[in-house]
Amino acid sequence: MYYEGYGYHNNVFEQTYRCYPSSFIDKPLLEAGDKIIMPPSALDRLAHLNVEYPMLFELRNVATSRTSHCGVLEFTAEEGMIYMPYWMMQNLLLQEGDIITVKNVTLPKGTYVKLQPHTTDFLDISNPKAILEKTLRSFSCLTTGDSIMVAYNSKNYYIDIVETKPSSAVSIIETDCEVDFAPPLDYKEPQPAKPANPVGPAAQEDLPEEKPKFSAFAGAGRRLDGRPAKQQESVPVAVPSPVNHQEKSATSKSGTGSSYEASTSSSKTGRPGGKLVFGSNSSRASKESQKETTKEAKQDAPKKEEPKFEAFTGRKYSLKD
């Protein structure tokens, strides 16, 4: 049945009003919940309907196709107007004096709600669960996609309704509802700390390459007489062995350079020293000195032992006339 002049038909109340924020009637407590203030005529029309209590309404902005849900606090507004929390006007994209459609609805009781704070500051509260439970006592219903406001310690925290079950809009009056939290919108994952002593192939690439250390006398040794040299395991520096008196005399006779050749040739040939000598006497003297050196070396060498290295024991040659 439809009654002319009244906005209800078949137990459905639906009426359009101009909306204004709660600051117009100086009722700041209205901001702490989701309830609106309607005119007295709405109460008269609802009284003729068989509506369920508590009364719940659907708010729809036809211009932007945004929808939300709310309860009613009292019926004291001027005719043709309603007052609502400012955060609800923000959800519906409404300005002061815009037209909104109000319709009574019946919502199922909620069993699950997922919330997401806008900032991590809400998690810094000493007991955010207790603050949230106290705030939701002033709410009648929750709608997926809305952003509710939680006022605490002179600061407003905004929380998004991410998910509700069993429907997109649920009643939270006298019901046990499971609440879950999603990470805040400005939350950033902490970066893993780098280990003090990195280990692994990636860490080894970052380490500076070690330069090879200098190692003296690391090459292979060679004998002057052409015989193979023994490989000594750990001989960093060659230390000269002591030379006896006979070896010194042999070495002094054999000489160490051109000056000795000049003095020997000058003493046996009678020619002045410091000059090149050509003739047979020089070759004969060199052969005799070589024989004497060989005999002395054989006498000094121990029996059944390998001959020791002796410097400058090879044959000498001189320029002939």
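The name an unreviewed UniProt entry assigns to the chain is Ubiquitin fusion degradation protein 1, from the organism Rhynchospora tenuis.

Turning our attention to the overall build of the chain. Across its full length, the chain carries seven helices and 12 strands. Looking at the chain as a whole, 32% of its 321 residues are labelled buried. A separation threshold of at least 6 residues defines the contact pool for the chain, and within that pool the share at least 24 residues apart is 76%. Element-wise, carbon and sulfur atoms account for 52% of the exposed surface of the chain, whose accessible area totals about 22,500 Å².

Turning our attention to the pairing of strand S3 (residues 56–61). With five of six residues buried, S3 is to be regarded as a mostly interior element. Summarising the sheet, S3 and strand S4 (residues 66–74) pair through six bridges and their orientation is antiparallel. Looking across to S4, one finds that Asn61 is bridged to Arg66. Between S3 and S4, which pair antiparallel and follow one another directly, the connecting turn spans four residues, one of which, Ser65, has a positive phi of 60°. Relative to strand S6 (residues 99–105), S3 runs antiparallel, the two being bridged by five bridges. Along S6, the bridge assignment pairs Glu58 with Lys103.

As a further point, take the environment of Phe13. Relative to the assigned elements, Phe13 resides in the segment before strand S1 (14–21). For the pair formed by Phe13 and Val105, sequence separation is 92 residues and the distance between their alpha carbons is 8.6 Å.

Ranked by size, the top nonpolar core spans 41 residues in total, and within it Met38, Phe57, Leu59, Ile82 and Met84 carry the most contacts. Other than its neighbours up to four places away in sequence, Ile82 contacts Tyr17, Arg18, Cys19, Tyr20, Ile36, Ile37, Met38, Pro39, Ile100 and Val102. One finds Tyr20, Leu30, Ile37 and Ala77 within the second-largest nonpolar core, a separate group that totals six residues.

Let's shift gears to helix H1 (residues 40–47). Every buried residue of H1 is listed here: Ser41, Ala42, Arg45 and Leu46. Along the axis of H1, the buried residues cluster in a sector spanning 135°; they form a single face. Packed against the buried residues of H1 are S1 and S3.

In this section: the confidence of the model for the chain. For the chain, the average pLDDT comes to 75, and 60% of its residues sit at 70 or higher. Here residues 1–8 scores under 50 on pLDDT; set against residues more than four positions off or in separate chains, the count is 17 contacts. Across residues 243–280 the pLDDT falls below 50, and counting only partners more than four positions away or on other chains, this stretch makes 43 contacts in the model.

This paragraph deals with the packing of aromatic side chains. Counted according to the given criterion, the structure contains six aromatic pairs. Between Tyr20 and Phe24 the ring centres are 5.4 Å apart and the planes differ by 35°, which places this aromatic pair in the tilted class. For Tyr20, a relative accessible area of 18% translates into the label buried. Taken together, a centroid distance of 5.8 Å and an interplanar angle of 65° make the contact between Phe122 and Tyr157 edge-to-face. Here Phe122 is found in the loop between strand S7 (112–117) and helix H3 (128–136), whereas its partner Tyr157 is found in strand S10 (residues 155–165), with 35 residues between them in sequence. For Phe122, a relative accessible area of 1% puts it in the buried group. Judged by its relative accessible area of 10%, Tyr157 is buried. Directly above the aromatic system of Tyr112 lies the positively charged group of Lys165, at a separation of 5.0 Å from the ring centroid.

What counts, and at which threshold
- Residues numbered from 1 in each chain as written.
- Predicted model: local features only at pLDDT ≥ 70, side-chain atom pairs only at ≥ 80, totals over all residues.
- Heavy atoms only, no water.
- Helix = DSSP H or I, 4+ residues; strand = E, 2+ residues; numbered from the N terminus.
- Buried < 20%, exposed > 50% of the residue type's maximum accessible area, 1.4 Å probe, protein only.
- Contact = heavy atoms within 4.5 Å.
- Areas by Shrake-Rupley, 256 points an atom, 1.4 Å probe, with all protein chains shown as cover.
- Pairing = 2+ DSSP bridges.
- Core = buried A, V, L, I, M, F, W, Y, C linked by side-chain atoms within 4.5 Å.
- Arc of directions from axis to C-beta.
- pLDDT = per-residue confidence, 0-100.
- Phe/Tyr/Trp six-rings, centres within 6.5 Å; stacked < 30°, edge-to-face > 60°.
- Lys NZ or Arg CZ within 6 Å of the ring centre and 35° of its normal.

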